[in-house]
Amino acid sequence: SGQSVKDAIIYGAGRRVRPIVMTALATICALLPMASGVTGGSGFISKTLAIVVIGGLISSTALTLLLVPAIYQSVEGWRERRRTQREQRVPPLAASAGTTES
């Protein structure tokens, strides 16, 4: 009926990796001057906040691109295997109705 879970994940990851990485890199590059303390002013608050935001962006990008697809594949793979086993155990209703003797 459709693609396998693995093929769908590979296709989706290939389409989404560039926009996700570009967005994260643009924000990280914009925060680097603040994190290095170049911006002046109230640097002690801004520097710490920028470092935390950069760390969050790096970790969330890694989670989005690596961990979420891996977890999705493991859960959906388990569901597919379970569905296949269930279909092999129970014969379809139409096939069993045609084999009854009168």
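The structure contained in this document is the topic of the report that follows. Just so you know, these numbers come straight off a predicted model, no measurement behind them.

**So, the environment of Glu-80**
Checked against the element boundaries, Glu-80 lands in helix 2 (residues 43-89). In this structure, the C-alpha to C-alpha distance between Glu-80 and Val-5, residues 75 residues apart in sequence, is 8.9 Å.

**Thoughts on the nonpolar core**
In this structure, Ile-28, Leu-31, Ala-35, Ala-50 and Ile-54 together form the largest nonpolar core, which totals 5 residues. Those elements that provide at least two residues to this core are helix 1 (5-36) and helix 2. If one sorts the elements of this core by residue count, helix 1 sits on top with 3 residues. In contact with Leu-31, other than residues within four places in its own chain, are Ala-50, Val-53 and Ile-54.

**Examining a positive patch on the surface**
On the surface, Arg-82, Arg-83, Arg-86 and Arg-89 cluster together into a patch of positive charge. Here Arg-89 shows up in helix 2.

**A short note on the pattern of salt bridges**
Across all of its chains, the model carries 1 salt bridge by this definition. Notably, a salt bridge pairs Arg-79 with Glu-76, separated by 3.0 Å at the nearest N-O pair. Of this pair, Arg-79 and Glu-76 both sit in helix 2, 3 residues apart, roughly one helical turn. With relative accessibility at 14%, the residue Glu-76 sits in the buried group.

Parameters and conventions
- Residues numbered from 1 in each chain as written.
- Predicted model: local features only at pLDDT ≥ 70, side-chain atom pairs only at ≥ 80, totals over all residues.
- Heavy atoms only, no water.
- Helix = DSSP H or I, 4+ residues; strand = E, 2+ residues; numbered from the N terminus.
- Core = buried A, V, L, I, M, F, W, Y, C linked by side-chain atoms within 4.5 Å.
- Buried < 20%, exposed > 50% of the residue type's maximum accessible area, 1.4 Å probe, protein only.
- Contact = heavy atoms within 4.5 Å.
- Patch = residues over 30% accessible without salt bridge, like charges linked within 9 Å, V, L, I, M, F, W, Y side chains within 5 Å.
- Areas by Shrake-Rupley, 256 points an atom, 1.4 Å probe, with all protein chains shown as cover.
- Salt bridge = Lys/Arg side-chain N within 4 Å of Asp/Glu carboxyl O.
- Lys, Arg positive; Asp, Glu negative; His and termini not counted.
- Charge placed at Lys NZ, Arg CZ, Asp CG, Glu CD.

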